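Summary of structural features
If you want the building blocks of each chain, they are given just below.
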Amino acid sequence: MEPGPNSDIAALVLRQPRRYRKAILYLSVIGLLIFTTAFLLGYAVFRGSCHSCGLAGGMEDDVKAWPTHSVPTGGVHIGDLRHMLKKYLQEEHIEDTVRRVSRASHPSGSSDGTALASEILQTFKGLHMDHTWTDSHYSTLQFPSRTQRNTLWMVDSEGEILEEIPLENPADYCAYSATATATGGLVYANYGRKKDFDWLRSVGVSVVGRIVMMRVGGGVSYAEKVWLAQRAGAGGALIYPDPADIPQDPRRLGLNTHTAVSEHVHLGSGDPFTPGFPSFNHTQFPPTQSSGLPLIPAQPISANVAAKLLSQLSGPGCPAGWQGRLPYVRCALGPGFSGGGGRKVRMAVHNTMRRVLLNNLFSSLEGRIEPDQYIIIGAQRDAWGPGAVKSGVGTAILLELARTFSTMVHNGFFPRRSLLFVSWDGGEFGNVGATEWLEGYLTMLHLKAVAYFSLDQAVMGDDNLSAYTSPLLVDLIEGAIKQVEHPRHAGMTIHSQAEKQGSARGIIKPLYLNSGAYSFTAFGGVPALELQFTEERAYPFVNTPLDTAGRLQEVLGGRLGVVGRSLAELVGLMVLRLAHDHILPLRITSYSQTMLQLSSELNKHFHTLQARGLSPQWVYSARGDYSRAASALQRAILNSDLQDQSMTNSYNTRIMRVEYYFLSQYVSVVETPFRHVIHGRGEHTLSALTEHLALLTADPPTFDEARFRRQLALFTWTLQGAANALNGDVWNIDNAF
């Protein structure tokens, strides 16, 4: 006979009385219920923690749950994050914000400016960010006088007034102009570039003691024009928009000929009366002022006023390329006027200084793994006019990126590093709010700030993209433009369209003085970038009362939201990489090429330098050390385990300090605030060194050997310091000087 059940437990059960079998049945049912409950609870917990699961079936448009602040063991894939970014960016929000911000003029310290700041602060708070706060400074700003208008006159040889030349808008002015009266002959100096003043000097036209007339543009800011005029000995400066540079046909969206273009003339950034340190109200520093403040009066004028003066100018004719398009003007250099009589121009500037409370608005999303490393995105908030381009577009993209990233975080994105969104005050006066913040935190920024993205004047057209950048960010830019569709050419990426027009390399440009990104790199040692969409035909309304949302929309054919969204996507993709990647994706070898170009220039003059007892060997050695250190770090990263947190922290610390260590430690931050040897200004910079070097062949008698030795030493030791820092530990450094 075959045995029954082959399990001992089953056999035992079969031998039990019936009452025991019923008990066993109840226990089985209870066990099944417990198992089912546990399974459902486990499934619910799993669904809550698996943030990428929802991507397979599409993510919900609305925020479903607030994230916890625990450090996740995993995260959403970078490809899915790009999809999230594109999904949540809304062009309608950008259009609405530009219209709202540019309703009226809102300069720093005004009631409209204060109301706008309050509105943006509330918007930040409504986005459910991790932190939102205000950073305040008391800064000295300059405004037109409320009692005396700036004025121009024509006077005779004795100084008697012949006629007043009306300035159409009393609000047109150059902030930080010297308050003074100047009288002299009039000299036309084209764009007021260094080479323009050099040419005038070469043909014997002196500007000493005279009023210099210059055109807007030419790649130089108002501050640089006035500084160069002052250095040449001029007594005053007038700056006008020429139709050759700025369209002036109102029927074709041009500037009115009676409109001037205003801009500050401080050759620097920040509060010029607290150079190198922050303008907090409680600080009691002795009175001082920036060396970049001009000593001569400067005033913007309209094309009408410029034509009235230039049409009467006599003297030598202009060289090729200096002729503008003012009507009825024969291009002459001056300094006299036709008809004789010794007539001159007199100008009076009565601007007044005022202490103003500036409020920078911050909002942040905290990083989950490296929260003390920041990616900063900022935009200027204030504007002298409506400021659709000057402050509206940047503010709109800033708020849209903040909203988008906040939504992403609440739907599963865990940024590795923190994101800071900042609305800056005092931008019209030379990025005062941003620079004061930089000055307040300068000693720690190189340890915490990964990169800065400026959104200022981001959209002035829809065809050509320009990226004014630190070389460290070039890889990020090149990657982003290959992923974003061109706003004007459907079906093509920005990269492919640029290649079709010639080369995508033309997108990359050096940082410039008036850029919102410049101070972060040249002063703070933080890699920075400013993106701008433009057209071949310049947007004519920047820095005028005509910079309205309506005109900007008309220039763009009603596509402001589309172009703004494209730019927001570009910035967003780069921010994603910086916030997500284990190793910061900065091109640390980029400066090696710059140093190689310097070596090439020195080689051209090697024998001449050697004959003077000057050797470039130290520079060659420092360049080699830097190139080897950068390459070695790059190889080490490629061969490392990126899951080793202590190792990645070590690498990222060295990467973040690259830009900072190009700030010269041998010049004063008060006297020479832009200490970066590549992007800065002053005797310590690469540009100053190469310009001086060129004199060896161009003008040997003016070559100053002692000055060149100092320049070479300052540059060499800054470069060697950058190489040492990149090497890491002191036992890895081998300086064989």
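This text follows the structure it describes.
Summary of the structure given here.

**Digging into the nonpolar core**
Among the nonpolar cores identified, the biggest contains 171 residues, and F405 and F421 are the most heavily contacted of them. Residues L438, L442, L445 and F523 belong to the second largest nonpolar core, which totals 26 residues.

**Section: helix α5 (residues 111-126)**
A rise of 1.5 Å per residue sets the reference length of α5, with its 16 residues, at 22 Å; its end C-alpha atoms lie 23 Å apart and thus fit the reference within 8%. Among the residues of α5, those classed as buried are G113, L116, A117, I120, L121 and F124. Down the axis of α5, the buried set is contained in an arc of 140 degrees. They therefore lie on one face. Opposite the packed face of α5, turned more than 90 degrees from it, sit the exposed residues S111 and T114. Each element contacted by the buried residues of α5 is listed here: α4 (91-101), β1 (131-143), β10 (352-365), α9 (388-409) and β12 (417-424). H128 sits one or two residues past α5 and shows a positive phi near 60 degrees.

**Structural notes on the packing of helix α19 (residues 617-638) against helix α20 (residues 645-660)**
Where α19 contacts α20, the axes come no closer than 11 Å and their chain directions differ by 145 degrees. The two elements α19 and α20 meet at a crossing, and its hand is left-handed. On α20, the residues that touch Y626, L633, A636 and I637 of α19 are Y651, R654, I655 and V658.

**Considerations on the state of the cysteines**
Throughout the structure, instances matching the rule amount to 1 disulfide. Shown here is the disulfide that connects C318 with C331, its sulfur atoms set 1.9 Å apart. On the sign convention where negative is left-handed, the bridge of C318 and C331, at about -80 degrees about the S-S bond, is left-handed. In this pair, C318 sits in the loop between α8 (303-310) and β9 (344-348) while C331 sits in the loop between α8 and β9, placing the two residues 13 residues apart along the sequence. Residues C318 and C331 agree in their burial class; the two are buried.

**Section: the sheet that holds strand β13 (residues 449-454)**
The 8 strands are arranged β1-β10-β12-β11-β13-β16-β14-β15 in an open sheet whose pairing can be described as mixed. One side of each edge strand has no neighbouring strand; the edge strands of this open sheet are β1 and β15 (508-509). Bridging between strand β14 (residues 464-469) and β15 involves 2 bridges; their strand directions are parallel. When the sheet's bridge partners are listed, A467 is paired in β15 with I508. Helix α16 (residues 560-580) rests against β11 (370-380), β12, β13, β14 and β16 (528-534) of the sheet, and its axis sits at about 160 degrees to β16.

**Examining the packing of helix α3 (residues 78-88) against α9**
Two numbers describe how α3 lies on α9: the axes approach to 9 Å, and their chain directions differ by 130 degrees. The orientation of α3 relative to α9 falls into the category oblique. Considering how the two elements wind past one another, α3 and α9 form a crossing that is right-handed. Between α3 and α9, the contacting residues are L81, M84, L85 and Y88 on the first element and E400, R403, T404, F405, T407 and M408 on the second. Taken together, the residues that form the contact of α3 with α9 break down as 6 nonpolar, 2 polar and 2 charged.

**A closer look at the side chain of S102**
Checked against the element boundaries, S102 lands in the loop between α4 and α5. Take S102: its relative accessible area is 7%, and that puts it in the buried class. One polar contact links the side chain of S102 to the main-chain carbonyl oxygen of V98, over a distance of 2.6 Å.

**Observations concerning the sheet that holds strand β4 (residues 181-184)**
The sheet built from 4 strands is open, its strands ordered β3-β2-β9-β4 with antiparallel pairing. Only two strands of the sheet have a single neighbouring strand rather than two, namely β3 (161-165) and β4. With strand direction ignored, the average angle separating the axes of adjacent strands in the sheet is 20 degrees. With 5 bridges connecting them, strand β2 (residues 151-155) and β9 associate as antiparallel partners. The residue bridging L152 from the neighbouring strand is M347, located in β9. Relative to the sheet, α8 contacts β2, β3 and β9, its axis offset from that of β3 by approximately 150 degrees.

**Description of the pattern of salt bridges**
Going through the model one piece at a time under the given rule, you end up with 27 salt bridges. For the salt bridge of E224 with R681, the shortest nitrogen-to-oxygen distance reads 3.2 Å. Remark: R681 occurs in the loop between α20 and α21 (686-698) and E224 occurs in helix α7 (residues 222-231); sequence separation between them is 457 residues. With relative accessibility at 27%, the residue R681 sits in the partly exposed group. Across the pair R587 and D475 runs a salt bridge, and its minimum N-O distance is 2.5 Å. Of this pair, R587 sits in the loop between α16 and α17 (590-604) while D475 sits in helix α12 (residues 474-481); the two residues are 112 residues apart in sequence, bridging distant segments of the chain.

About the criteria used
Residues numbered from 1 in each chain as written. Predicted model: local features only at pLDDT ≥ 70, side-chain atom pairs only at ≥ 80, totals over all residues. Heavy atoms only, no water. Core = buried A, V, L, I, M, F, W, Y, C linked by side-chain atoms within 4.5 Å. Buried < 20%, exposed > 50% of the residue type's maximum accessible area, 1.4 Å probe, protein only. Helix = DSSP H or I, 4+ residues; strand = E, 2+ residues; numbered from the N terminus. Expected span 1.5 Å × (residues − 1). Arc of directions from axis to C-beta. Contact = heavy atoms within 4.5 Å. Axes fitted to C-alpha atoms, helices over the stretch in contact; angles between N-to-C directions. Left-handed = near helix turned anticlockwise from the far one by under 90°. Disulfide = S-S within 2.5 Å. Pairing = 2+ DSSP bridges. Parallel < 35°, antiparallel > 145°, perpendicular 65-115°, else oblique. Nonpolar A, V, L, I, M, F, W, Y, C, P; charged D, E, K, R; others polar. Polar contact = N/O pair within 3.5 Å; in protein donor to acceptor, adjacent residues only side chain to side chain. Salt bridge = Lys/Arg side-chain N within 4 Å of Asp/Glu carboxyl O.

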